[in-house]
Structures are given as structure tokens and as C-alpha cells.
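In case you want the letters, here they are:
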Amino acid sequence: IMSEPIYVAFATQKGGVGKSTLTALVASYLHYVEGVEVLAVDCDSSQHSLNVYREHDLMVTKENPYLKRVCHRFYSQFQKKPYEILLTSPTDAMAVTDNYINAGNNPQVIFFDITGTINDRSIVNLIANMDYLFVPITTETGEMASSISFANNVKNNMMATRVTNVKEMHLVWNKINTREKSRLCEIIDGYIEKMGLDSLDTVLVKSNKFEKDGRETGNVGLFRSTMLPPDKRLLQGSNLPELVAEIRNIIKV
């Protein structure tokens, strides 16, 4: 018997905190490095960032001879296709996902890229259908306040009233300057703990590696790609493997 897929979302109300980047990094690492069957559902109908990443990846792996070889070498061993990215709106996301599963696909983990405000009914309904929520948070004051307010809202207006499937929600420190939590992260962790919230132990390091998504020329590997695993040289010091391990431990996959 196939087990039910696990629904995971990187969600927050403000752009720029890195939810699409995190979605792509974690989904790709699970799928291409650890062999977990993944599906991505891009519900951000205003910009469809995941789809923008995929189109860019297709373009650079076709145009850049070095990346073309990397891609060819990888897929001749991987024996599976790139994970699907379904494009939809928050309103239709669950129906689109159900149709995909009913068509005989068996993803183990489904990542939803959700933008949103807690004031939009369709987004609230979609968030309520998730099993696990991860809320990216940065040390930039406006983004930090927005992420905390979003998580607090979900906790008090959805999880506390049991009108949701969400089993756990955690904040994820992103774009941090060191491999360890900074003093500011520690202070904020203490503050959010009083609100009944918490953040993951692993932080994702701020790095120009995240911009390394390939050019038409040159032989620099890719870090963030929806079609390939991150280049091993670029993985060093990123904390991505540790982050994925911590997330796997939470979502039990």
C-alpha cells in the first residue's frame, strides 16, 4: 500500500525572505541527493517563482556546454526524471494536487510554495491542509516582524482552534551571516519561545552561492537548481544537508 504523501509548505506573508529558494533547495536535495520522490506545487500565481527557476534551469543546461555535460552525466545515473512543478492558484492547489495523485503518481513529499496573507480565505484553507509548515525568517527587521506575526497568527487562529491538519510549525532562520545562530537569532528565539513558537536548530547561511543558478557560459556548478543536485563544492559551509536532515526528522520521511 502506498503511504499518504506528506504536505509541507514554506510559507510566509512577505516576499524576499527566501521561501521559493528554500522550497527549491530542500525539494532538490531530497529528490536528487536522497532519492525521495518529490512533487512541488507552485501556488504563487502572481509570480510562479519555482516555474521561473525551472525555465531558467532548462535554458542554462541547454546553452552552457559545461552544465549540459553535468546534466547528461547526472541523468545517465539517476534513472529518474526531474520532479514535477505544478502551477496553480491557492484556490485550486488541493484539487490540482489530488488530480496528480489520482493519475497514479506517488510522491512521498509534496512541497507547496505559498505566499500569503492570513486575510485571504483561499490561502488560509490551503495552509490548513498542510501537515508541516516552515516559516522562513531573516534578521532584517521588517521581514522578521512579518514572519513572526504570520507564525503567531497561524498558531493562534488556526492550530489552537484545531481547524487545521498542521501537526508542527517551525521558523527557519535564513540568510544568516555565520554557520551558527547569531546573537540576534538567539535573542529572538527567546522572545518567540514565550509566544509558543520555535525555530529549527540549523540556520541557512547567507551566501552568494544561492545566486549560483547558472549562466549560459562558464563552468561554475549550480547550487540552487530544480533539475540537479547542488554542486558538492558549493554545498560546503551552506548548512543545507544539516537543514534537510532536521526537516526529514520532523516530517518523518
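Look up a bit, the structure's there.
Criteria and cut-off values
As a convention, each chain's residues are numbered from 1 in the sequence order in which they are written. Predicted model: local features are reported for residues with pLDDT of at least 70 only, side-chain atom pairs are reported and counted for 80 or more only, and whole-chain, interface and lining totals are derived from all residues. As a rule here, side-chain values cover all heavy atoms of the structure and leave hydrogens and water aside. Remark: exposure states derive from per-residue accessible area (1.4 Å probe, protein chains only) relative to the maximum for the residue type, with buried under 20%, exposed over 50%, and partly exposed in between. Numbering goes from the N terminus for both helices and strands, where a helix is a DSSP run of H or I of at least four residues and a strand is a run of E of at least two. Working note: the arc is built from the helix axis to C-beta atom directions. Contacts between residues were defined by any pair of non-hydrogen atoms, one from each residue, lying within 4.5 Å. For this analysis, a salt bridge means a side-chain nitrogen from Lys or Arg found within 4 Å of a carboxyl oxygen belonging to Asp or Glu. Here, the term nonpolar core denotes a set of buried Ala, Val, Leu, Ile, Met, Phe, Trp, Tyr and Cys residues that are joined through side-chain atoms within 4.5 Å. For helices, the axis comes from a line fit to the C-alpha atoms of the stretch in contact; other axes are also lines fit to C-alpha atoms, and the angle between any two N-to-C directions lies between 0 and 180 degrees. An angle below 35 degrees is read as roughly parallel, one above 145 as roughly antiparallel, one from 65 to 115 as roughly perpendicular, and any other as oblique. In this classification, the charged set is Asp, Glu, Lys and Arg, the nonpolar set is Ala, Val, Leu, Ile, Met, Phe, Trp, Tyr, Cys and Pro, and all remaining amino acids, among them Gly, are polar. Paired strands, as defined in this entry, are two strands with at least two bridges between them according to DSSP.

K.L.:
Looking at this structure, I do not really get helix α7 (residues 183-193). What am I missing?
P.N.:
Residue pairs three or four apart in sequence face the same way in an α-helix, which turns once every 3.6 residues. Cys-185, Ile-188, Asp-189 and Ile-192 are the residues of α7 that are buried. Each buried residue of α7 sits inside an arc of 110° when the element is viewed along its axis, so together they form one side. Structurally, α7 contributes buried residues whose contacts are with α6 (141-159) and β6 (168-173).

K.L.:
Hey, could you run me through helix α5 (residues 121-128) in this one?
P.N.:
With six of eight residues buried, α5 lies mostly within the body of the structure. Within the sequence span of α5, burial applies to Ser-122, Ile-123, Val-124, Leu-126, Ile-127 and Ala-128. Taken together, the buried residues of α5 touch α4 (93-102), β4 (109-115), β5 (132-137) and α6.

K.L.:
For this particular structure, what's the right way to read unusual backbone geometry?
P.N.:
Most peptide bonds take the trans configuration, and most residues that are not glycine carry a negative phi. The phi torsion at Asn-239 lies on the positive side, around 70°, for a residue other than glycine. With respect to the secondary-structure elements, Asn-239 resides in the loop between α8 (232-235) and α9 (240-251). If you check the backbone angles, Lys-252 has positive phi at about 55° while not being a glycine. Tracing the sequence through the fold places Lys-252 in the segment after α9. Lys-252 gets classed as exposed once you look at its relative accessible area, which sits at 62%.

K.L.:
Help me understand the pattern of salt bridges, please; the structure alone is not making it clear to me.
P.N.:
In a structure, side chains of opposite charge can pair up when their charged atoms sit close to one another. Per the stated rule, a full pass over the model turns up eight salt bridges. Where Asp-113 meets Lys-19, a salt bridge forms, and the shortest distance between an N and an O atom there is 3.0 Å. Here Asp-113 is found in strand β4, whereas its partner Lys-19 is found in helix α1 (residues 19-33), with 94 residues between them in sequence. Both residues of the pair, Asp-113 and Lys-19, belong to the buried class. In this structure, Arg-248 engages Glu-34 in a salt bridge whose closest nitrogen and oxygen atoms are separated by 2.6 Å. Within this pair, whereas Arg-248 is found in helix α9, its partner Glu-34 is found in the loop between α1 and β2 (38-42), the two being separated by 214 residues in sequence.

K.L.:
What exactly am I supposed to notice about the nonpolar core here?
P.N.:
Buried together is how nonpolar side chains tend to be arranged in soluble globular proteins. Core analysis: the biggest nonpolar cluster contains 44 residues, and Val-26, Phe-111, Phe-134, Leu-240 and Ile-251 have the highest contact counts within it. Element by element, the count of residues in this core is highest for α1, at eight residues. Not counting chain neighbours up to four residues away, the residues in contact with Phe-111 comprise Val-8, Phe-10, Thr-23, Val-26, Ala-27, Leu-30, Val-38, Leu-39, Ala-40 and Val-41. One finds Ile-123, Ala-128, Val-166 and Leu-197 within the second-largest nonpolar core, a separate group that totals 38 residues.

K.L.:
How do you make sense of the packing of α1 against α9 when you look at a structure like this?
P.N.:
Each pair of packed helices can be summarised by the angle the axes make with each other and by the distance between the axes. As a packed pair, α1 and α9 sit with axes 10 Å apart at the nearest point and diverge in direction by 80°. One finds that α1 runs roughly perpendicular with respect to α9. Listed contacts from α9 to Leu-22, Leu-25, Val-26, Tyr-29 and Leu-30 of α1 are Leu-240, Pro-241, Leu-243, Val-244, Ile-247 and Arg-248. Looking at side-chain class alone, the contact of α1 with α9 contains ten nonpolar, no polar and one charged residues.

K.L.:
Is there a simple way to explain the sheet that holds strand β3 (residues 85-87) in this structure?
P.N.:
In sheet architecture, strand pairing relies on hydrogen bonds along the backbone and comes in two forms, parallel and antiparallel. Taken together, six strands build an open sheet; the order of strands is β3-β2-β4-β1-β5-β6 and the sheet is parallel. Looking along the sheet, the strands with just one partner apiece sit at the ends: β3 and β6. Recorded for the sheet is a direction-independent mean angle of 20° between the axes of neighbouring strands. Where β5 lies against β6, six bridges are found, and the strand directions are parallel. If you follow Tyr-132 over to β6, its bridge partner there is Glu-168. Strands in contact with α9 are β1 (6-12), β4, β5 and β6; relative to β5, the strand with the most contacts, it is inclined by about 150°.

So yeah, pure geometry; function would need other evidence.
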